[in-house]
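Below, each chain spelled out in residue letters.
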Amino acid sequence: MSQIKRFVMVLAAALLPIFIAPAQDASDSKCLDCHSSRTTLNQGAHLYIDPAKYQLTTHARIGCVSCHDNVTKQHPTDGIRPSRAKCQDCHASVYADYNQNQHAKHAGCTDCHKPHAVKPLLAVSGRDINTQCAKCHENSQTVKSHSEWLPQAELHIDALPCITCHTGSENTVITLYMAKNVSARPFRGVTLATFEDFRPYLTAGKKVGALIDIDGDGFISLNELKKFNKSDQYGNVSLLGTMMPEVVTHSFQILNNRWDCTFCHASGPKVQQASNLAFPEQDGTYSRMPVEKGAILDILYGTPDFYMTGFTRSSTLSIIGALIAASGLMVPILHGTLRFLTRSRRKEH
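Please read these numbers as outputs of a predicted model, since none were measured by experiment.

What counts, and at which threshold
- Residues numbered from 1 in each chain as written.
- Predicted model: local features only at pLDDT ≥ 70, side-chain atom pairs only at ≥ 80, totals over all residues.
- Heavy atoms only, no water.
- Helix = DSSP H or I, 4+ residues; strand = E, 2+ residues; numbered from the N terminus.
- Buried < 20%, exposed > 50% of the residue type's maximum accessible area, 1.4 Å probe, protein only.
- Contact = heavy atoms within 4.5 Å.
- Areas by Shrake-Rupley, 256 points an atom, 1.4 Å probe, with all protein chains shown as cover.
- Salt bridge = Lys/Arg side-chain N within 4 Å of Asp/Glu carboxyl O.
- Phe/Tyr/Trp six-rings, centres within 6.5 Å; stacked < 30°, edge-to-face > 60°.
- Lys NZ or Arg CZ within 6 Å of the ring centre and 35° of its normal.
- Arc of directions from axis to C-beta.
- Core = buried A, V, L, I, M, F, W, Y, C linked by side-chain atoms within 4.5 Å.
- Pairing = 2+ DSSP bridges.
- Patch = residues over 30% accessible without salt bridge, like charges linked within 9 Å, V, L, I, M, F, W, Y side chains within 5 Å.

Chemist: How should the overall build of the protein chain be read in this particular structure?
Modeler: Looking only at helices and strands, one finds 15 helices and five strands in the protein chain. By residue count, 31% of the 349 residues in the protein chain fall in the buried class. When contacts within the protein chain are restricted to residue pairs at least 6 apart in sequence, those whose partners lie at least 24 apart make up 70%. Roughly 21,600 Å² of accessible area belongs to the protein chain as shown, and the carbon and sulfur atoms make up 58% of that amount.

Chemist: Explain the pattern of salt bridges here, please?
Modeler: Side chains bearing opposite charge may pair, as long as their charged atoms lie close to each other. Applying the stated rule across the entire model yields two salt bridges. Ionic pairing is found between K180 and D197, a salt bridge with its closest N-O pair at 3.0 Å. Placement of the pair is K180 in strand β1 (residues 172-182) and D197 in helix α11 (residues 195-198), with a sequence separation of 17 residues. Residue classification places K180 among the partly exposed positions, given a relative accessible area of 22%. A salt bridge links E196 to R199; the nearest nitrogen and oxygen atoms lie 2.8 Å apart.

Chemist: Looking at this structure, I do not really get the side chain of E281. What am I missing?
Modeler: Here E281 is to be found in the loop between β4 (274-280) and β5 (286-291). Ignoring anything within four residues of it in the chain, the contact list for E281 reads F195, K207, Y286 and S287.

Chemist: Please explain the packing of aromatic side chains as it appears in this structure.
Modeler: By convention here, two paired aromatic rings are described through the distance between centres and the angle between planes. The tally for this structure, following the rule as stated, stands at four aromatic pairs. What links up through ring pairs into an aromatic cluster is the set Y201, F228 and Y234. Above the ring of F340, the side-chain terminus of R343 is found at 4.0 Å from the ring centroid.

Chemist: What is the right way to read helix α9 (residues 139-146) from this model?
Modeler: Structurally, the α-helix is built with 3.6 residues per turn, so residues lying three or four positions apart point the same way. Within α9, the full set of buried residues consists of T142, V143 and H146. Buried positions in α9, seen along its axis, are confined to an arc of 100° and lie on one side of it. Residues of α9 that are buried make contact with α10 (153-159).

Chemist: Where do I start with the nonpolar core in this structure?
Modeler: For soluble globular proteins, nonpolar side chains are generally found buried alongside one another. Judged by nonpolar contacts, the single largest core of 22 residues is most densely connected at M178, V208, I220, L277 and F279. Elements that contribute at least two residues to this core include exactly β1, α11, α12 (222-230), β3 (237-245), β4 and β5. When neighbours within four sequence positions are excluded, M178 is seen to be in contact with L192, A193, F198, V208, I212, F228, V237, S238, L239, A278, F279 and P280. In this structure, A179, L192, A278 and Y286 belong to the second largest nonpolar core, which totals six residues.

Chemist: Explanation requested: the pairing of β5 in the structure shown.
Modeler: Bridge count for β4 against β5 is six bridges, and the pairing is antiparallel. Residue N276 lies in a different strand from β5, and its bridge partner there is P290. Taking the residues that link successive antiparallel strands as the turn, the β4-β5 hairpin has five residues, and the phi of G284 there is positive, at about 95°.

Chemist: Could you clarify how one ought to interpret unusual backbone geometry in this entry?
Modeler: For residues other than glycine, phi is negative in most cases, and the peptide bonds are mostly trans. Geometrically, the link from H75 to P76 is a cis peptide bond, its omega value of 10° lying close to zero. In the Ramachandran plot, Q152 falls in the positive-phi region, its phi being about 55° despite a non-glycine side chain. Its place among the elements puts Q152 in the loop between α9 and α10. Not every positive phi belongs to a glycine, and F252 is a case in point at roughly 55°. Residue position: F252 is located in the loop between β3 and β4.

Chemist: I keep staring at a nonpolar patch on the surface and nothing clicks. Help me out?
Modeler: Together, L329, M330, I333 and L334 line one region of the surface with nonpolar side chains, adding up to about 390 Å² of accessible area. Assignment of secondary structure puts I333 in helix α14 (residues 315-341).

Chemist: Explain the environment of C64 here, please?
Modeler: In this structure, C64 sits in the loop between α5 (59-62) and α6 (92-98). Among the residues examined, C64 registers a relative accessible area of 13% and is labelled buried. For the pair C64 and K30, spaced 34 residues apart in the sequence, the C-alpha separation amounts to 10.0 Å. Contact partners of C64, with chain neighbours within four places excluded, come to D28, C31 and Y54.

Shape is all these values report; function is a separate question.
Here it is in structure tokens:
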């Protein structure tokens with residue numbers, strides 16, 4: 001299997017998120033007995049809670065009554081409408097950050113983050129994020145506006161979360177995870193690889209990380225990553241990845257380094273993105289191990305840090321490059337024109 005096929009990078013449009021399920025408050029089970037039933041769904045979609053989605057939220061750790069603190073043991077027959085906590089009661093700094101940008105004039109917290117289904121950053125994929133943005137920002141218009149300055153705009157928008165560029169975070173982080181291609185129905189496609197998928201290759205007491213971290217130093221070097229990619233030992237396992245901001249912000253600003261193509265399209269010691277590789281554990285959770293900076297794009301034969309005409313924000317260099325290219329074309333054109341104009345004289349001699 002070729003390196004390119006084995007190392008399928010779907011940055012930010014990762015098909016499946018990596019998550020560590022939080023513990024659920026014991027008292028929530030009483031609430032979910034009713035609110036997860038189809039009968040409740042028939043009474044109103046806003047009353048229904050999907051228990052599988054709720055269990056993955058951070059809110060599941062603190063329990064229902066933390067936000068709905070006036071609910072009594074007689075609910076719902078007591079006729080008291082459950083109270084609702086305000087997001088800023090817990091997320092004051094995030095709320096203040098968000099209120100300083102123009103999004104706050106058009107959308108509230110719950111327009112993007114559903115309290116009973118919201119995921120922590122570790123559990124969200126790039127496609128999840130872009131789906132929220134697309135509620136207001138129609139995709140075709142977004143592609144059109146970005147095409148005015150961004151080469152391959154449609155490809156970038158499809159492959160990256162919007163917040164990779166629209167963020168106050170100086171740097172980004174790439175999280176890779178191990179996935180497998182499944183051909184059998186009904187699970188055809190790509191799914192997360194589990195600990196059981198790697199058990200045949202592990203000796204007693206070894207973790208999945210040992211398959212790549214050969215020297216056992218808790219750090220994945222470029223050579224170790226290359227060796228894993230070249231090996232056909234693990235069958236249909238691929239590495240998928242998501243590029244996210246290193247620090248979560250709600251300012252949605254665009255920093256100057258995001259206008260520079262080499263911020264992402266560079267390899268070697270100048271690369272800025274930190275990277276981690278997530279490994280499945282036997283208990284169903286995931287552990288992470290840092291990857292050498294520059295390894296992600298280097299393993300993909302990434303573009304070196306050199307100037308590409310039209311791919312940076314330097315209009316002067318773009319004009320100079322265009323003039324050089326035009327001069328090269330003018331030489332054969334002028335030569336051919338002169339030969340055409342002097343053809344009769346050349347026939348006389």
